[in-house]
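Examination of the molecular architecture
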Amino acid sequence: MTLLLISTSARADIHTTDATPNLSIQIGPVEVIRGPDDTTDNPFSTLMGDTALHAYVGNAATVGYTGGSLETLRPMSGNVIEGGTGMTFDSCGAWLNSVWQDGALIRGWYHAETACNYPETHKSVAYAESYDGGQTFLKPNYPNNQVITSPATYTDPNADDEGDQHVIQIGDYLYLYFLSTHQPSWQIGVARSSVADKGVPGTWQKYNNGAFTQAGLGGESSPIASWTNLSTSWVSYNTSLNTYIGFSGVWDPVANRQKGFGLSASSDGLSDWTTRINPVTGQPYVLLSYEGGWTRPGDPHDLIAYPSFVSTYGDSNTVGDVFWLYAMAINPGEGFDQRYLIRRKIRVTPTASSAPVDLVPRIALSKYQNLDDTWFTTTTTDPGYQVQETIGYLFTDQVANSIAVYDCYIESWHDHMLVPNDSTCAGGNVSYLRQIGWISTVPFTNSIQVYRCWDAAITNHFISTDPACAGKQTEWPMGYLATMPPLPHNQFVALSTYDHIGQQDTWATTANTPPAYAFQSRLGYLFAEQQPNSVPVYDCYIDFWDDHMLVPGDATCDQNQSLGLMGYLSSVPFSGARPIYRCFDAPATNHFMSLDASCGGKTFEWLAGYIAAQPSTILYSVYMPALRR
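We now turn to the structure provided with this report. Bear in mind the structure is a predicted one, so any value in this text is a computation, not a measurement.

1. What to know about the packing of aromatic side chains
- In total, this model carries 29 aromatic pairs according to the counting rule given.
- A centroid spacing of 5.9 Å and a plane angle of 70° characterise the contact between Y175 and F212, whose relative ring orientation is edge-to-face. Remark: F212 occurs in strand β15 (residues 211-215) and Y175 occurs in strand β12 (residues 173-180); sequence separation between them is 37 residues.
- The side chain of R192 reaches across the aromatic face of Y173, ending 3.9 Å from its centre.

Here is the structure:
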């Protein structure tokens, strides 16, 4: 189920895509967001509001998250939307794929299914509304709330669907990208509704043969791109590349299956979707790769699906040169009840380099530890393994003088090991997990040599940059890894308020809080690093009052307990900033932060400083190109 939303102001001047520059792509290590469970069955999507970030994912019923940032999201209570009953069009479920803020109202569009005798099912798209800030969604005029349905002439249950949508605002229109199973190779179509019409039922027109002329309900549509140029309906705008980006399908002609997702781009989001081709390999720039399929359990290989782009601040509309790539992952041999929601940080930048080692995407090879087993891999979801470090980067595709590297496992020894250039993992009792990339056999600029090592005392293979393997046995030189600067942290950190459920303590912090503290709202953003005219802000605690408080400029916390530096607060106003005040509730002995100078009738202590309302108001000004149709 794929859908997106981009919100922006329209402009008369039009940006055009840069003339297909070469790209440098850096792919960070995997982070597990949730799982294993059966929940992740659509793309992870977000709504970046003024005082909170919401996120949604689901399987038949959609669950939500809320918080101040991606790093502090916590589950909402209950489901935000569920399927209907009986033989209604959404009797098999409601997957909320996109939401759009319209003042106090949040409008949403969900993927619906009925007659689900999987793999056969019947898909459509329907409309919903939230009146409680995105916590729950209602279906107005149900069951007459559908917005996209397939033409009635298509009756084959394997080819009668239009769904898996993503909605995005561009200028004066909402654009709804959807997957059509009655098109050859399941291609992407698009419909639009004017912003003035709010995307409600009856206002959508499908794109067909060059114009938006067909009704959303039952009208014909023509694909806007081939599967190899746009394989899912997820679309975001990338400010670094100055273009819309999506996911292209990457095909393995030998295995006769999809093997991953590449990067596709369009200047206007409609007319010229093209997979970005690596000039070195002649193949797509591969962002995600996998080896398995949808016949599970029993498939011995992994599966990746439902990818989405999200900015590092939680905006799934617009991303910059560094962003998160979210996806569903299933490990080799596991079934659909063992899904994970994962993410990787990605950096994509244009480059003037023509060197092959700079143009093939590079993926982090990281060290994980679980008791005596050291596991070097690009992918793990096992919570028993704790990440230690990233030692370098493999290539996601073959370059000259490189060999494949395989992730292997000796179960009897509880020993993970890397095996170069041998997909049998050296045979015997060794299990093949996956191919994780390619390693160079010759040195290159900014490379580092690594060796395969063996600790016989604990039956543990590992990789090291030390030729002596820290005193253990050196088996052989593995090859040369790329080294790259660390992926950057955010320039801003979200400051949010939390109320203790059982007592009167309001805590303003950038950190995750214990479950006893309920998220209330995001106040704004602190600078992550010292800036001119800024002061450090400390997270402090008065033990005998059980009172958390924010203290600017004093690392001693007024001689109380310091919980650490949170960021930096501007002492002067700036564009996009709002003043923030420290307040005190004397009867409750409770310090708190407020955007209200009257402190809600409590004691005003002082103006603490100025905080960014949104990171985008400082980092960049986005003018998204309008669709020229």
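2. Regarding the state of the cysteines
- One pass over the structure, following the stated rule, counts 5 disulfides.
- Across the disulfide, C408 is cross-linked to C425 (sulfur-sulfur distance 2.0 Å). An S-S torsion of about -75° defines the bridge between C408 and C425 as left-handed. With C408 in strand β28 (residues 402-410) and C425 in the loop between β29 (415-420) and β30 (430-440), this pair connects stretches of sequence that are 17 residues apart.
- The class of C408 is buried, set by a relative accessible area of 0%.
- Its relative accessible area of 0% is what places C425 among the buried residues.

3. Describing the sheet that holds strand β14 (residues 205-208)
- Read from one edge to the other, the open sheet built from 5 strands follows the order β11-β12-β13-β14-β15, with strand pairing classed as antiparallel. Two strands in the sheet have a free side with no partner beyond their single neighbour: β11 (162-170) and β15. Across this sheet, the average inter-strand angle for adjacent strands is 35°, counted without regard to direction.
- The pairing of β11 with β12 spans 7 bridges and is antiparallel. For V167, the partnering residue across the bridge sits in β12 and is L176.

4. Re the sheet that holds strand β5 (residues 61-67)
- Overall, antiparallel pairing links the 4 strands, which are arranged β3-β4-β5-β6 in an open sheet. Since the sheet does not close on itself, it has two edges, and those belong to β3 (45-48) and β6 (74-81), each with one partner. Each adjacent strand pair in this sheet contributes to an overall mean axis angle of 25°, direction not counted.
- Sheet analysis places β5 next to β6, joined by 4 bridges and oriented antiparallel. Bridge assignment links Y65 to a residue of β6, and that residue is P75.

5. Re the side chain of D268
- In this fold, D268 is placed in the loop between β18 (257-266) and β19 (274-275).
- Overall, D268 belongs to the buried group, its relative accessible area being 1%.
- Only 2.8 Å separates the side chain of D268 from the backbone nitrogen of L270, close enough to count as a polar contact.
- Separated by 2.8 Å, the side chains of D268 and S271 make a polar contact.

Rules behind the numbers
Residues numbered from 1 in each chain as written. Predicted model: local features only at pLDDT ≥ 70, side-chain atom pairs only at ≥ 80, totals over all residues. Heavy atoms only, no water. Phe/Tyr/Trp six-rings, centres within 6.5 Å; stacked < 30°, edge-to-face > 60°. Helix = DSSP H or I, 4+ residues; strand = E, 2+ residues; numbered from the N terminus. Lys NZ or Arg CZ within 6 Å of the ring centre and 35° of its normal. Disulfide = S-S within 2.5 Å. Buried < 20%, exposed > 50% of the residue type's maximum accessible area, 1.4 Å probe, protein only. Pairing = 2+ DSSP bridges. Axes fitted to C-alpha atoms, helices over the stretch in contact; angles between N-to-C directions. Polar contact = N/O pair within 3.5 Å; in protein donor to acceptor, adjacent residues only side chain to side chain.

Read these as geometric descriptors, not functional statements.
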